[in-house]
Structures are given as C-alpha cells and as structure tokens.
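# Structural overview
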Amino acid sequence: MGLRNTEQYAEADSGRLEWNGQEKTLWRCIVCNDVHYGSEPPGTCPTCMSTDVYVKSDPQEARQVMLGLDGDVETDEEGLVECWKELAGRNDEFRLNPDTEDVELAARGVHRGEEEHGMKYCPCQMKSGDFVADLGLVCPCNFFIQPSWDEKGECWCKLFVKG
Ligand code: SF4
Ligand SMILES: [Zn+2]
C-alpha cells in the first residue's frame, strides 16, 4: 500500500482500513481465488471473468491463498455464516440453505478445518495434500461446477442451494 496519503487511512480491526471514511477490506473470488482489496467486491473477477462471486476474506486467508503462509485462525463460526450470507445476498443464482442446521454443520466443519489445517477447507471434500490443488477446496468453493449443483441444486455440503 502506498504511504503518500497515510493521514487519509485510519486503521480499524484486522485487515480493514478506512480510506476517507470508506471501509476497505479483503475479498476472495470463490471461482479462482483472486484476492481483491477494496471497499466493494469487483462485480466481475478480472482473472476468471465470473460475476458476483467475491466473498469477504481476511488477512490470514488472503496471505495463505497468495503466499501459502500459516497464521492464526481469525474467523469464528458466526463470522463465517455472516460472510456466506453476504455473498448469497449479492447473487440471484444461489442462496444460503434455509435449513439452519445444515449451515451450522458446515460452519462447524469449516471452522474446525481451519483450526486443524490453517485453511477454510470444505468439510465434505477430500484434500489431496497438494497446497495449490487444494486451494480449490477453500470454502466457499467454485460449487457451480460440482455434479451435485446440476443434479440436486446444492453444493456438496448443502451450504448453498439454487435460489
Ligand atoms: S461444497 Fe459447499 S461447503 Fe464445501 S467448500 Fe464448496 S461451498 Fe463450501
Ligand atoms: Zn475469479
């Protein structure tokens, strides 16, 4: 980040900075893991050209996605659900499963995975052990390409459903 206008930045909580009154935060494309830092998510991902696919990220996740560095777990289960709701709220093609038990189960699984493996891995898909390949399993993942999305209208873990 350029420091020429340092006085226009005000540090808020981790990874969120204010720029002239606008909160900037980290966003991750769920299709290709492009990371964006700004007050709004890009409408179209400049890397994969998918639309409305950015989810709020955090410094740890962004560092890991970009650099493969470990860090402390930052997002709790409630924070995960909020982040998923926000993503679904911006998209007409899917929504969060209205069955809150399924959502809470996924949040527990993702959170536990992050504590154990340092990444928000999908609780229902097998990791290969290859860091780069497993980036495709960071939740929310590119669930549009899963057979369960076409066949049943839901992601593997029933976290997101067609809406
Ligand atoms: S299948 Fe569903 S729960 Fe699993 S990573 Fe993808 S979006 Fe998340
Ligand atoms: Zn993308």
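Below is a summary of the structure that appears in this document.

What counts as what
- Residues numbered from 1 in each chain as written.
- Chains lettered and ligands numbered in written order.
- Predicted model: local features only at pLDDT ≥ 70, side-chain atom pairs only at ≥ 80, totals over all residues.
- Helix = DSSP H or I, 4+ residues; strand = E, 2+ residues; numbered from the N terminus.
- Buried ≥ 20, exposed ≤ 12 C-beta atoms within 10 Å, placed from the backbone.
- Contact = placed C-beta atoms within 7 Å.
- Pairing = 2+ DSSP bridges.
- Near = placed C-beta within 6 Å.
- Nonpolar A, V, L, I, M, F, W, Y, C, P; charged D, E, K, R; others polar.
- Core = buried A, V, L, I, M, F, W, Y, C linked by C-beta atoms within 7 Å.
- Axes fitted to C-alpha atoms, helices over the stretch in contact; angles between N-to-C directions.
- Parallel < 35°, antiparallel > 145°, perpendicular 65-115°, else oblique.
- Left-handed = near helix turned anticlockwise from the far one by under 90°.

### Concerning the overall build of the chain
The number of helices and strands found in the chain is five helices and seven strands. Start at the N end of the chain and walk to the C end: the helices and strands fall as β-β-β-β-β-α-α-β-α-α-α-β. Within the chain, the fraction of its 163 residues that count as buried is 31%. Taking the contacts inside the chain whose residues are at least 6 apart along the sequence as the reference set, 46% of them involve residues at least 24 apart.

### Focus: the pairing of strand S4 (residues 35-38)
Relative to S4, strand S3 (residues 22-29) runs antiparallel, the two sharing four bridges. Bridging across to S4, Arg28 finds its partner in Val35. Where S3 folds back onto S4 in an antiparallel hairpin, the turn is made up of five residues, including Asn33, whose phi is positive at roughly 65°.

### Here's the deal with the site of ligand 1
Among the 13 residues in the neighbourhood of ligand 1, the closest are listed as Cys122, Cys139, Cys141, Cys155 and Cys157. The class makeup of the residues in the shell around ligand 1 is twelve nonpolar, one polar and no charged.

### Some words on the nonpolar core
Among the nonpolar cores identified, the biggest contains 34 residues, and Trp84, Val138, Cys141, Leu159 and Phe160 are the most heavily contacted of them. If you list the elements that add at least two residues to this core, you get S3, strand S5 (54-56), helix H1 (59-67), helix H2 (77-89), strand S6 (94-96) and helix H3 (100-117). If one sorts the elements of this core by residue count, H2 sits on top with five residues. Non-local contacts of Val138, meaning those with residues more than four positions away in its chain, are made with Asn33, Val65, Met119, Lys120 and Tyr121.

### Some words on unusual backbone geometry
The omega torsion of the bond from Cys139 to Pro140 falls at -5°, within 30 degrees of zero and hence cis. Among the structural elements, Pro140 can be located in the loop between helix H4 (131-134) and helix H5 (147-152). The backbone of Asn33 sits at a positive phi, close to 65°, despite the residue not being glycine. Mapped onto the secondary structure, Asn33 falls in the loop between S3 and S4.

### Some details on the packing of H2 against H3
Two elements in contact, H2 and H3, have axes whose closest approach is 9 Å; the angle formed by their N-to-C orientations is 120°. When the interaxial angle is binned, H2 and H3 end up oblique. For the pair H2 and H3, the sense of crossing is right-handed. Residue-level inspection shows Glu77, Leu80 and Val81 of H2 in contact with H3, the latter providing Val103, Ala107, Arg108, Val110 and His111. Class assignment of the residues belonging to the contact of H2 with H3 gives a composition of five nonpolar, one polar and two charged.

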